Amino acid sequence: MADAESFRAEMARTLAHDPYGHGSSSVAGERDRREATVGGAIVLYYVSGSVLTVTVVRMVALG
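What you see is a predicted model; the values in this text were computed from it and never measured.

### Focus on the packing of aromatic side chains
- Taken as a whole, this structure holds zero aromatic pairs when the rule is applied.
- In this structure, Arg31 packs its charged tip against the face of Tyr20, placed 3.8 Å from the ring centre.

In structure tokens:
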């Protein structure tokens, strides 16, 4: 993860457009609890379709 702005841009390009895609996988069998690698970080997030929101709850930088 180079910097915050690059990470935001990568999130907007990938998960913001399709939070269930881009190589994400469900966590603990919950469809809306997801994990994906984005911009050099492992991101654990929740998807709320009723308010069109993706909430990141944990992020671990790689490298």
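### A word on the confidence of the model for the protein chain
- Chain-level pLDDT for the protein chain is 85 on average; 95% of the residues reach the 70-or-more range.
- Across the protein chain, element-level confidence peaks in strand S1 (residues 25-27) with a mean pLDDT of 95 and bottoms out in strand S4 (residues 53-61) with 77.

### What about the pairing of strand S2 (residues 30-38)?
- Note that S1 and S2 share three bridges and pair antiparallel. Bridge pairing in S2 links Val27 to Glu30.
- Linkage of S1 to S2, two consecutive antiparallel strands, is achieved through a turn of two residues, within which Ala28 is found at a positive phi near 55 degrees.
- Where S2 and strand S3 (residues 41-48) come together, six bridges link them in antiparallel fashion. Considered in S3, the bridge of Ala36 is made with Val43.
- The hairpin formed by S2 and S3 contains two residues between the paired strands, and Gly39 there has a positive phi angle of roughly 55 degrees.

### What about the side chain of Ser24?
- If you trace the backbone, Ser24 turns up in the loop between helix H1 (4-13) and S1.
- Here the side chain of Ser24 touches Pro19 through a polar contact of 3.5 Å, landing on its backbone oxygen.
- Only 3.3 Å separates the side chain of Ser24 from the backbone oxygen of Tyr20, close enough to count as a polar contact.
- Setting aside residues no more than four positions away along its own chain, Ser24 makes contact with Pro19, Arg34, Glu35, Ala36 and Tyr45.

### Section: the side chain of Arg34
- When you line up the elements, Arg34 lands in strand S2.
- Of the side chains bearing the opposite charge, Asp32 lies closest to the buried Arg34, which forms no salt bridge; the N-O distance is 6.9 Å.
- Reaching out from Arg34, the side chain makes a polar contact with the side chain of Ser24 at a distance of 2.9 Å.
- A polar atom in the side chain of Arg34 sits 3.3 Å from the backbone oxygen of Arg31.
- With residues near it in sequence (within four places) discarded, Arg34 still touches Pro19, Tyr20, Ser24, Ser25, Ser26, Val27, Val43, Leu44, Tyr45 and Val47.

Procedures and definitions
- Residues numbered from 1 in each chain as written.
- Predicted model: local features only at pLDDT ≥ 70, side-chain atom pairs only at ≥ 80, totals over all residues.
- Heavy atoms only, no water.
- Phe/Tyr/Trp six-rings, centres within 6.5 Å; stacked < 30°, edge-to-face > 60°.
- Lys NZ or Arg CZ within 6 Å of the ring centre and 35° of its normal.
- pLDDT = per-residue confidence, 0-100.
- Helix = DSSP H or I, 4+ residues; strand = E, 2+ residues; numbered from the N terminus.
- Pairing = 2+ DSSP bridges.
- Polar contact = N/O pair within 3.5 Å; in protein donor to acceptor, adjacent residues only side chain to side chain.
- Contact = heavy atoms within 4.5 Å.
- Buried < 20%, exposed > 50% of the residue type's maximum accessible area, 1.4 Å probe, protein only.
- Lys, Arg positive; Asp, Glu negative; His and termini not counted.
- Salt bridge = Lys/Arg side-chain N within 4 Å of Asp/Glu carboxyl O.

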